[in-house]
Amino acid sequence: MATTPATFSTRPKDPQEDLMTSVAGEDQGTLPELPPEPVMEANKLNVFYGDFHAVHDVDLRFGKNEITALIGPSGCGKSTVLRCLNRMNDLVAGARVEGEVTYHGKNIYDRGVDPIAVRTHIGMVFQKPNPFPKSIFDNIAYGPRVTGMKVDSMDDLVEQALRGAALWDEVKDKLKQSAYGLSGGQQQRLCIARTIATRPDVILMDEPCSALDPIATSRIEDLMMELRSDYTIIIVTHNMQQAARVSDRTAFFTAKADETTGNRTGLLVEFDRTKTLFSNPSDRRTEDYISGRFG
Amino acid sequence: MATTPATFSTRPKDPQEDLMTSVAGEDQGTLPELPPEPVMEANKLNVFYGDFHAVHDVDLRFGKNEITALIGPSGCGKSTVLRCLNRMNDLVAGARVEGEVTYHGKNIYDRGVDPIAVRTHIGMVFQKPNPFPKSIFDNIAYGPRVTGMKVDSMDDLVEQALRGAALWDEVKDKLKQSAYGLSGGQQQRLCIARTIATRPDVILMDEPCSALDPIATSRIEDLMMELRSDYTIIIVTHNMQQAARVSDRTAFFTAKADETTGNRTGLLVEFDRTKTLFSNPSDRRTEDYISGRFG
Amino acid sequence: MSVASTTAREVTASVVATGRSRDRTPRSLIFLALLWFSLFFGVMVLVALIVDTAIQGAGRFDAALITDYSSRVRPETTGFRAGIIGSLWLMAFTALMAVPLGIAAALYLEEFADKDRWYNRLIELNLQNLAAVPSIIYGLLAVAVMALIGFQQTGIVLGGAIALALLILPVIIITTREAVRSVPQDIRQGSLALGATVWQTTWRQTLPSAVPGIATGTILGLSRAIGEAAPLIVVGLAGSLLFSPTGVLSPITALPMQIYSLTSQSQAELREAASAAIIVLLVMILGLNALAIFIRNKFQRSW
Amino acid sequence: MSSISTAAAGSPSGTGPSAAPNLGGRSRPGERVIETVLMLSAMLSVVITIGILIALIEPVLHFFGQVPFGEFFATGGRFAVLPLVAGTLMVTVIALLVAIPLGLGAAMYLSEYASRRARKLLKPTVELLAGVPSVVYGFFALTFVTPTLLQGILDLDVNFTNALSAGLVLGVMIIPTIASLAEDAMSAVPQAMRQGSFAMGANRMQTTLRVVFPAALSGIAAAIVLGLSRAVGETMIVALASGAQKNLSADPREGMQLMTGFIAQTAGGENPVGSVEYNALFAVGLLLFVMTLVINIVSIALVRRYRQVY
Amino acid sequence: GDDDGSSGASGNVVVDGSSTVFPMSSAAQELLNEENPDVKVAVSEAGTGGGFERFCNEETDISDASRPIEDDEVAACEEKGIEYTELQVATDALTVVVHPDLAVDCLTTGQLIQLWEPGSDVTNWNQLDPSFPDQEVALFGPGTDSGTYDYMANDVIGSEEEATRDDYEASEDDNVLVQGVAGTEGATGYFGYTYYEENADSLKALAIDNGNGCIEPSAETAQAGEYTPLARPLFIYVNNAKYNDNPAVAAYVDFYIENLAEIAEVGQFIPLSDDLYAETQSNLEGIAS
Ligand SMILES: Nc1ncnc2c1ncn2[C@@H]1O[C@H](COP(=O)(O)OP(=O)(O)OP(=O)(O)O)[C@@H](O)[C@H]1O
Ligand SMILES: Nc1ncnc2c1ncn2[C@@H]1O[C@H](COP(=O)(O)OP(=O)(O)OP(=O)(O)O)[C@@H](O)[C@H]1O
Ligand SMILES: [Mg+2]
Ligand SMILES: [Mg+2]
Ligand SMILES: O=P([O-])([O-])[O-]
């Protein structure tokens, strides 16, 4: 590995750039430097778990109909930031959020904002699959039911959602069976289907593909591209190729150890158009990280 | 997605081959077609969950000091096969194993074989991190303690294992704290450290890196390469690049649906030297799968 | 792909800031009110009961109540020393017998037994059924057990403890099983994969994780045992003793027996003393529960 | 990087066994002994049951030698058991109607709504109810529930001893059994399950009722069966509050004796041991045993069927 | 009974049996304990039937009884070769009480039987006597398995079924009956004398006319044998062998009989008349030989 950063820089960048042009590249060239019409914004976001300062001063803008990837080493606070965006951190005992997160200009941490309403608009897919101990059908139908969505045919909606998550063919004959009979990958795709079914405005994904095989991953990636025309997507991923393939913009985080306590606080290093960030990172740490991938 | 397989085949294979030569390639050229001195073998392995036939007639040989990767789409039975190799399937209610799995020539499913002894020689790292609800230190010390390993200094052993899993620097000041305070990635590395600490002969890994960031992943991959000189490693992975980078041999599985019942039974499609399998797959399904990766 | 048809919602800022939380819809509020009521109903009854009893026993909260033996000659200063000490002895020996046995049985059923075997299912069924056997029957059974192990004299510490241990064994087993069952499978697999035996896994991983649940079950069981009179009467425990036990073969009495006996007496002084003694019994139960809370908080985990 | 190579160098290298290690042969006598001991402990419950059956069956045979079946399973007469059975069912049903909603409501509040600190305080308070000796409840029924609550506040025309107050108080007594065990079951539902639900925009009520509750159903059912069992087997409350006179009636405002009340009365009473009257105790006891057995068989089958594994 | 035999004795004594007699036996225990704490007495109250079971199984030394031993029990004791002596220790006067406002003061034995006999159709006081008020009867009584019930059924009513009527409110706890009668207009019930005595302000005791005019229940009338048929004897049964072999048992029994009047008073029963006391003393002397 000691030799690889060097190796990397000499390697042709073609496949990656090829990917970008072929998939996410359509408007990459014309993409403004910052999202002009941000659906969500984080301003001076700080998160604490008890005394532990997990995330420090994060500023981000998430553009409408864009896919934003959050990348960075393990423990740098990506999941933490993501959970702040739909107030899931409210449910973590001891977690405290400072700063503001706006959604269509409205700070979702204001008084008078209903976190539940926030979550119906900002859906989430988790790192570990967490299907409900119900049938596959009921897992999908759950969201529409609890949010009181008006649905013509629940069967159709379930089918659409499952097709969307590339799971329909595998489960169509066992919709009434428990979701726990599925493999890890199938379970995660079910969770994605479940989120799609509630038709949110923004979808947060915390390493949604980390348990998926390449075929399913690429279906999900395709799906994200399709959804992008209607939805705003924010994805945490460890897979830089994935970030490069699907996202319009990428935010790179890292963790900085406090010299005295040794606590590692997460911070945002660089936030830019994906193409720029990968091809021409402005920060040394970003470059090291990206090149380290191919050690 | 409809367009991507075509795109792939036109793309240069260089980076991948480059990887192989640089990392696992040292003896790839001289690798015999089948492992000459198999540490483990699976012969006509069939696994059932109740009535469901999950894995059909798998034959595999795992070479000494080699890394073997099991790849294939979600639900094809990779984890199931892996669990058979150290009799973890004994613990799954309703699971039934037919055929034989030998370890140094001895069928581990024979009467008189102690599954616990099997597991002390064949360690395992799981897909989802599963640290014990104990301190970090105790998590590592647990294996040596229960197997009655003679240990000069438990502190040293814990430190070694944590360094090996690239976790030492992050946790060295909080060894006495609960492992549940760690991030997902840190937890998984802890589980790897825990397995290393018991010094097994064979290490089974079920997508050990799916929750790790690239830097940690590559440390783990380096570690695997180092361990390879003493240990036999069998890894399930979704990340084909990872398989290509680290493994000497690769087994590709897929699932075939029964026409009448729709049950998807897993089977082994191709088992070969990694280089051969990736560069020159003999089965159409393997080729489709590998190329689909870059859809 | 068909998903294209699933269009996003039309969104404006006002949607999330309607000022009305979906946790505050009328239905949710009614639901919450019902839950509150459920919880405080029990608490209210308890308070009513304690206050009612305390008022009836108001004249007898004095030292003699716990330091003196019972007296009919001086009913206004009768005490419950023998019953209090007897109940403490009984609890100690009951726990000593029932807790290890109960935990052992529960661990066997959850961690070792093949649940599909008919005999293990039989044990399971049998356990639930035992919980429903009237306590007095356990008294009869304890008498038989005492005869079987060769004790002529039944009204002693051992006999009472056997009756109570038999009585609470099913409760302890059932609750311990639930506690053990809720320990995630991941933990067991992790341990077994390191070459731990089933017992090592059980002892070092499952059991410690299940401690809060086991403590709850044990305390529930002991709280029940400490208030039981009927089986002890059948076992022949004394209603009146003027000395304290010195060993497992000493004659013994128990607080609830004394209470039960006195509540049906004609003299108002004795009934007043019984009411005060009920408060003493409740304090003892409170002590047990405090112990349970301590254990639960010390070991509670979430995963 | 360097740290890793150091670690590897100092690590077990070279200790990886090369020859076939011994996989069998390793006897673990300790393990066997422990398993056997544990198994014997589990078997003890069966021994207890057999003991109970032996203790019951001999006197029952004597009993039926002297009293024909028809006279036992009759609605009236000295040895009639049906009034006792009816009384037991009546009081138990009333108790469950009180305890299931209140117990589960309390459990849901404690597990899903209460803050950590509130739960630490409230749960033991509720559990305290289980420890109150049943004699105390019996008197509470007699001296408070019947005169003050039923006759006074609710202005019901109830008898001095009546099934209603016995059932109500019995219900209160088993609330903690149900609440505490159901709470344990619900708190054991993984947090990820709740997060999934909240992330879909479900509110707390929906999460509680639709995700946590069904996921914990097996534990909840066990809690209810345990509560039911305790209600059926409870003696003192019913003996005091429900009266000591057989009475076949569908009116809960009347007093009626229950099976356990009958057993307690006979065991503590006047009749010579071995007499027909005394042996009737065992016949009723055996019948109660059979009845609870049936309840349990049915409930176990139901739990098994609807259990959700996670 | 030797006066000096008791003072130096030590050892254990086990007493079980009737809950009715329990207050007396524990009063004896307490008074003896003040003089000689080395005699350790355990008094239980499993009921007369349960007491005899243990007594005839040699588990106890003394059995309290609210009725004489029955044939089955005699047989059981004989089988074990247990010889025993019956000692009457007090008299209880079953008392028929009514709600204090009820304008009835005396019942004849016949009226009492008419009211309580099995199948009785009396539901209004004026059915017993037209001069009684037009008031519905509410009946309270002990459960079928108590000594008091048996005494009423067998010795007062003398019914063939050995039962009373069964449409009354029953309780094992006499305090419950007290509350029931005191709180229900037109109510009547029966129980031990002491429960009336303690609640005389909220209950009214009826006099009973057994052909010799209305007799009020009281210590005097019961001792004098005038309060019939409702006065019943209470006993202790002593295991002869234990009495002779165990000085503690002898000490306890001797003390019990010697101080019987005081003990009966503490236990709130009616002490024996001089004749009956003399009989008990001579029975006690019979044990030793
Ligand atoms: N509930 C919690 N309580 C305390 N500390 C926490 C909690 N959750 C996370 N942390 C800490 O906060 C830091 C950031 O965690 P987070 O899970 O956001 O990282 P991440 O970037 O998502 O890592 P990974 O890639 O491994 O998932 C870590 O140091 C972690 O230990
Ligand atoms: N305990 C079980 N009971 C019943 N069926 C099971 C069980 N475990 C796995 N299966 C089924 O067996 C098949 C193979 O599962 P397995 O977990 O081995 O797949 P996998 O290749 O590891 O998938 P993934 O990549 O998603 O982890 C799947 O169809 C799965 O639904
Ligand atoms: Mg994360
Ligand atoms: Mg798998
Ligand atoms: O307890 P008794 O036998 O006197 O009813």
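We now turn to the structure provided with this report. (Residues numbered from 1 in each chain as written. Chains lettered and ligands numbered in written order. Predicted model: local features only at pLDDT ≥ 70, side-chain atom pairs only at ≥ 80, totals over all residues. Heavy atoms only, no water.)

### Overview of the environment of Tyr-168 of chain E
Position of Tyr-168 of chain E relative to the elements: it lies in the loop between helix 6 (147-157) and strand 8 (169-171). The exposure class of Tyr-168 of chain E is buried, given its relative accessible area of 5%. Along the backbone, Tyr-168 of chain E and Ser-10 of chain E are 158 residues apart, and their C-alpha atoms lie at a distance of 49 Å. Not counting the four nearest positions on each side in its chain, Tyr-168 of chain E is found in contact with Gln-245 of chain D together with Trp-116, Leu-139, Phe-140, Gly-141, Pro-142, Gly-143, Thr-144 and Tyr-149 of chain E. There is a polar contact of 2.7 Å between the side chain of Tyr-168 of chain E and the backbone oxygen of Pro-142 of chain E. (Helix = DSSP H or I, 4+ residues; strand = E, 2+ residues; numbered from the N terminus. Buried < 20%, exposed > 50% of the residue type's maximum accessible area, 1.4 Å probe, protein only. Contact = heavy atoms within 4.5 Å. Polar contact = N/O pair within 3.5 Å; in protein donor to acceptor, adjacent residues only side chain to side chain.)

### Here's the deal with the site of ligand 5
As a structural note, the neighbourhood of ligand 5 is formed by Glu-270 of chain D together with Ser-18, Ser-19, Thr-20, Gly-47, Thr-48, Ser-66 and Gly-147 of chain E. In this structure, ligand 5 sits where chains D and E come together, each supplying nearby residues. Contacts to ligand 5 include Thr-20 of chain E, whose side-chain N or O atom sits 2.6 Å from an oxygen atom. Calculation on ligand 5 without its partners gives an accessible area of 200 Å², and the protein chains cover 94% of this total. Broken down by class, the residue content of the shell around ligand 5 amounts to no nonpolar, seven polar and one charged. (Near = heavy atom within 4 Å. Areas by Shrake-Rupley, 256 points an atom, 1.4 Å probe, with all protein chains shown as cover. Nonpolar A, V, L, I, M, F, W, Y, C, P; charged D, E, K, R; others polar.)

### Description of the interface of chain C and chain E
Taken together, the contact pairs 28 residues of chain C with 28 residues of chain E. Here chain C packs against chain E, burying approximately 2300 Å² in sum over the two surfaces, 49% of which is carbon and sulfur. Three residues, Arg-72, Leu-242 and Ser-266 of chain C, lead the burial of chain C against chain E; their summed loss comes to 26% of the area buried on that side. Here Glu-30 of chain E ties to Arg-74 of chain C by a salt bridge, and the two come within 4.0 Å at their closest N and O atoms. The tally of links between chain C and chain E comes to 17 residue pairs in polar contact (both at pLDDT 80 or more). Sorting the residues of the side of chain C that touches chain E by element identifies helix 9 (230-235), strand 1 (240-241), helix 10 (255-263) and helix 11 (268-299) of chain C as the ones contributing at least two each. When its residues are assigned to classes, the side of chain C that touches chain E shows ten nonpolar, 15 polar and three charged. Pairing geometry for strand 1 of chain C and strand 2 (residues 39-43) of chain E, over two bridges, is antiparallel. (Buried area = accessible area lost by both parts, 1.4 Å probe. Salt bridge = Lys/Arg side-chain N within 4 Å of Asp/Glu carboxyl O. Pairing = 2+ DSSP bridges.)

### Notes on the site of ligand 2
Around ligand 2 there are 21 residues in total, and Gly-181 of chain A together with Ser-74, Gly-75, Ser-79 and Thr-80 of chain B lie nearest to it. Between ligand 2 and the protein, one listed contact pairs an oxygen atom with a backbone N or O atom of Cys-76 of chain B at 3.2 Å. Here an oxygen atom of ligand 2 sits 2.5 Å away from a polar atom, N or O, in the side chain of Thr-80 of chain B. For ligand 2, the accessible surface in isolation is 630 Å², of which the surrounding protein chains cover 83%. Those elements giving two or more residues to the shell around ligand 2 turn out to be helix 8 (184-197) of chain A together with strand 2 (52-63) and helix 3 (78-85) of chain B.

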